[in-house]
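Residues per chain, in single letters:
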Amino acid sequence: MVLVCFMSGWFFEKVFERVVEGRVVGCGRLCNDFVEVPFVVAEGVNFLYIEFEYDGAGCRLMLGLMDSTDSLRGWCSRCTDKRIRVFISRSSATPGHVPGDIVAGVWRAIVRLDSVSKDGCNYRLRVVGYNTALGDMEFDYLGDVLSKLAKVVNLQEFGLRYPEIFAVSEFAHSCSGNWFEERRTLHSHGGSGWYRGDLHVHTVHSDGRNTLCELLSLAVSRGLDFIVLTDHNTISQNTELVKMRGFCRGLLAIPGMEVTTFYGHVNALGIDRYIDFRRKSREDFEKLVDDIHSAGGVASINHPTIFREPFCRDCPFRYRDLRRFDAVEVWNGPWHLFNNESLSWWHTIVAEGYRVTAVGGSDYHGSNLARLGEPTTWVYAESLNPEGILRGIRMGRVFITHRPEGPIIEVKAIDNSGRVHTIGDEIAESVAKWIELEVSIEMAKKYTFRILTERNVHKIVDIDSNEFKHRERIDVRDAKLIRIEIGKYRNPHELIPQNSDDILALTNPIYITTESLTL
Ligand SMILES: [Zn+2]
Ligand SMILES: [Zn+2]
């Protein structure tokens, strides 16, 4: 053990170093499994360096870390090389990893076997623990570390002796510089109303390009009221968010996670803890819904019908049963062929009488594929806070538009007793004979307005003004659900568009309930 002391409180001590070598064998290209590699972390460490290397043609492995208290400390979506190098300290960490106490005991490397050649893959895990003044410092980028070190050591000598410190070039906390000049106050504000947001976004904590600061800033500039942070299989974006509170006036950022499994992706919206992503069976998925609920969240299936092999092997939702989920992302990114298919699937389920909320999500990664807030999910909430937004989603008080600007939709259904209902509400057939449906739509001129029931296209109207209004009486015996769509259709009489028509907006239904409704 070498303790290197520097002037005025600087110190650097290597406490332990361990190497674990092993081999995973022949489960093939569609391996879909995980192995755990345990390693012991000694007492007195506040800075942990982890290096994971593997070889073998056709091998692709991914790395996560669980600490000795069984808490997730990281998932490395960005680590695509065969040599993965990350660090976790008390105050800072590689993106995707959770800073905090380096608790002594048995930690586990969670190795995802994406692809294993028939000759197997050899791996080598090297872990080095330090006790150092660096452990209590936040780093914004490698240069920041170097400039702090350069004040107290000869960098060249230090680098030769402890090369691992310089091996990690990415640092999670990067909200400095200009960002802090925009310092603002996050607060719950506003009364009841429709709030616009994006339920599906990625940052550098998984495979997105933007830091959390950049993403929040962009969301403000796009005019969104809320976003949910849904990085793949990690919660470090949520722990960073805790530090960030106070920096984004008017924008509500809600913790979340995209539970990314081999069999589909599920957004856990509004969770207060990590959700295990190692799911294989139908039962595992049922338990996943329970786990998300017990973490206070909403369980929403993402892009259920998107690209399949060879583009994205695990993206479509293979367990085609969504009845226990709270929501499904029928609109992912720009409207394209797959969304028609998702919309069709969801419509079939709600037509059978199940309550699953249709939502949208941009799946924004910072690239050109999708823009933040396209689509925008509008949620009716009593107040702009996480509980209000999550409750609105659970209740189906949601409509989706192609952009944050709109169109702005208002739907009212007044029954024969004078009660007023809106999107997501249930009207009991036993107490209402008919409803007076009133719809107003702003900013959708030249598009087509459609009223849909569970089994047919009830009405088609061309929108001739930017302040369009429609009113008609509907017998409740004629429909089990009523929902609105706005778009440009090749065949507007088709209940679900079969190809990539231009959809501008769609609402969740107002439900007409009977005794036979299944909930
Ligand atoms: Zn996904
Ligand atoms: Zn995603």
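Every value quoted in this text rests on a predicted model; they were computed, and no experiment measured them.

The subject of this paragraph is the overall build of the protein. The helix and strand tally for the protein stands at nine helices and 29 strands. Residue burial in the protein is summarised as follows: out of 519 residues, 46% are buried. Considering only intrachain contacts with a sequence separation of at least 6, the fraction spanning at least 24 residues in the protein is 73%.

Those residues of helix H9 (residues 386–394) that fall on the buried side of the exposure criterion are Pro-386, Gly-388, Ile-389, Leu-390, Gly-392 and Ile-393. With its phi angle positive at about 80 degrees, Gly-396 sits one or two positions after the end of H9.

Further remarks concern the sheet that holds strand E26 (residues 467–475). Overall, antiparallel pairing links the four strands, which are arranged E21-E20-E23-E26 in an open sheet. For this open sheet the edge positions go to strand E21 (420–421) and E26, each flanked by a neighbour on one side alone. Here eight bridges tie strand E20 (residues 408–415) to strand E23 (residues 434–442), and the two strands are oriented antiparallel to one another. What sits directly across from Glu-410, in E23, is Ser-440.

Along the chain, Leu-506 falls in strand E28 (residues 502–507). The spacing of Leu-506 and Phe-399 is 107 residues in sequence and 5.8 Å in space, taken between C-alpha atoms.

With that settled, the discussion passes to helix H5 (residues 212–221). For H5, every residue scored as buried is listed here: Leu-212, Cys-213, Leu-215, Leu-216, Ser-217 and Ala-219. Immediately beyond the C-terminal end of H5, within one or two residues, lies Gly-223, with a positive phi of roughly 80 degrees.

It is worth spelling out the pairing of E20 at this point. With two bridges joining them, E20 and E21 adopt antiparallel strand pairing. Following the sheet pairing, Ala-413 is matched in E21 by His-421. Count of turn residues in the E20/E21 antiparallel hairpin: four residues, of which Gly-418 carries a positive phi of about 90 degrees.

The next thing to look at is the sheet that holds strand E6 (residues 72–75). One open sheet holds the four strands; their spatial order is E3-E8-E5-E6, and the pairing between them is antiparallel. A strand with exactly one partner marks an edge of an open sheet, and here the two such strands are strand E3 (33–41) and E6. For this sheet, the mean angle separating the axes of adjacent strands, direction not counted, is 25 degrees.

Moving on to the confidence of the model for the protein. In the predicted model, the protein carries a mean pLDDT of 87, and 88% of its residues have values of at least 70. Low pLDDT, under 50, characterises residues 176–188; the stretch is placed with 19 contacts to residues that sit more than four places away or in other chains.

Ranked by size, the top nonpolar core spans 127 residues in total, and within it Leu-48, Phe-226, Ala-268 and Val-328 carry the most contacts. Once residues lying within four places of it in the same chain are set aside, the contact partners of Leu-48 are Val-41, Phe-87, Ile-88, Ile-102, Val-127 and Gly-129.

A few words on the environment of Phe-449. As for its placement among the helices and strands, Phe-449 is situated in strand E24 (residues 448–453). In contact with Phe-449, not counting residues within four places along its chain, are Ile-441, Val-461, Ile-463, Phe-468, His-470 and Ile-486.

Turning next to unusual backbone geometry. Glu-374 connects to Pro-375 through a cis peptide bond whose omega is 10 degrees. With respect to the helices, strands and loops of the structure, Pro-375 is situated in the loop between strand E17 (357–361) and strand E18 (376–381). One non-glycine residue, His-303, adopts positive backbone phi at about 25 degrees. One can find His-303 in the loop between strand E15 (298–301) and strand E16 (327–332). By the C-beta count within 10 Å, which is 24 here, His-303 ends up buried. The phi dihedral of Asp-363 falls on the positive side, at around 60 degrees, and the residue is not glycine.

What counts, and at which threshold
- Residues numbered from 1 in each chain as written.
- Chains lettered and ligands numbered in written order.
- Predicted model: local features only at pLDDT ≥ 70, side-chain atom pairs only at ≥ 80, totals over all residues.
- Helix = DSSP H or I, 4+ residues; strand = E, 2+ residues; numbered from the N terminus.
- Buried ≥ 20, exposed ≤ 12 C-beta atoms within 10 Å, placed from the backbone.
- Contact = placed C-beta atoms within 7 Å.
- Pairing = 2+ DSSP bridges.
- Axes fitted to C-alpha atoms, helices over the stretch in contact; angles between N-to-C directions.
- pLDDT = per-residue confidence, 0-100.
- Core = buried A, V, L, I, M, F, W, Y, C linked by C-beta atoms within 7 Å.

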